[in-house]
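Next come the chains, spelled out residue by residue.
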Amino acid sequence: MADGGQVVGGAATADIVQSGTEDTLGWRDKRTLPRHLREMLALEDFEAVARRRLPRPIYGYVSGGVETNASLRANRAVFDEIAFVPKMLYDTSMRTLSTTLFGQTYAAPFGLAPMGGSSLAAYQGDIVLARAVAGANLPMITSGASLTALEKVRQAGRTSWFQPYLPGEDPVIAALVDRAARAGFDTLVLTVDVQVPSNRENNVRSGYNSPLRPTPRLASDCMIQPRW
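Below you will find a few notes about this structure. All figures in this text were calculated on a predicted structure; none of them were measured in a lab.

Some details on the overall build of the protein
Broken down by element type, the protein carries 10 helices and 7 strands. When burial is assessed residue by residue, the protein has 23% of its 228 residues classed as buried. Roughly 16,700 Å² of accessible area belongs to the protein as shown, and the carbon and sulfur atoms make up 58% of that amount.

Some thoughts on the nonpolar core
Formed by L150, F162, L176, A180, A183 and F185, the largest nonpolar core amounts to 6 residues. In terms of residue count, helix α8 (residues 170-183) provides more of this core than any other element does, 3 residues in total. Among residues more than four places away in sequence, those in contact with L176 are F162, P164, Y165 and L166.

Describing the sheet that holds strand β6 (residues 161-163)
With respect to topology, 3 strands assemble into an open sheet ordered β5-β6-β7, the strand pairing being parallel. Looking at the sheet topology across the chains shown, the edges are occupied by β5 (141-143) and β7 (187-188). As defined by bridge partners, β5 adjoins β6 across 3 bridges and the pair is classed as parallel. Bridging across to β6, T142 finds its partner in F162.

Focus on unusual backbone geometry
Not every positive phi belongs to a glycine, and N69 is a case in point at roughly 65°. Note on placement: N69 falls in the loop between α3 (56-63) and α4 (70-80). Under the relative-accessibility criterion, N69 is labelled partly exposed at 23%. The phi dihedral of L89 is positive, around 60°, even though this residue is not glycine. Assignment of secondary structure puts L89 in the loop between α4 and β3 (99-101).

The rules we used
- Residues numbered from 1 in each chain as written.
- Predicted model: local features only at pLDDT ≥ 70, side-chain atom pairs only at ≥ 80, totals over all residues.
- Heavy atoms only, no water.
- Helix = DSSP H or I, 4+ residues; strand = E, 2+ residues; numbered from the N terminus.
- Buried < 20%, exposed > 50% of the residue type's maximum accessible area, 1.4 Å probe, protein only.
- Areas by Shrake-Rupley, 256 points an atom, 1.4 Å probe, with all protein chains shown as cover.
- Core = buried A, V, L, I, M, F, W, Y, C linked by side-chain atoms within 4.5 Å.
- Contact = heavy atoms within 4.5 Å.
- Pairing = 2+ DSSP bridges.

Shown next, in the form of structure tokens:
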């Protein structure tokens, strides 16, 4: 039962109370986490830290969408409409989020979407992500726009999904598909885009260019963020 905002009852709770540790999120002891992760309680907390740490052009590229971000806000609003409805006194001891996709069993039915700019936000970002999802047994789609060679990403983790950017020439397409197969990718993820390139207003405002072009503004933004 609930008493003063704390859950009372059960051997696990008794152990936590006796040890004097806080378990508000189900962790036995947050001191086992790296110091910089102890206050990361939600995804929004990571975004706030990223805003402080990343140079403005990089943060703008990672966090923004196109035009006035109307589609970005609409997509988030749709997800906010999804909620879990708890059912009390149901046996949930055998419930699991694991699922099987293309013959591979994962710990959850979601993973990492292709992100081509990961290595801009963090050193060897693609490698870090590949190792993280391998440890969590989640799927990850390696982007064809990754700044890290696809072979290195595949070697770093167990991800086997690859999202290629396919030009119109058949020989180029065949060479890229063969390269992905040799690297160990067994699933191709084909995405479609708009007919006209998107107008990324946030990139203009933040000073981001793809590929990055050295400018005095970019240099100053990077120098005031030495930890990046």
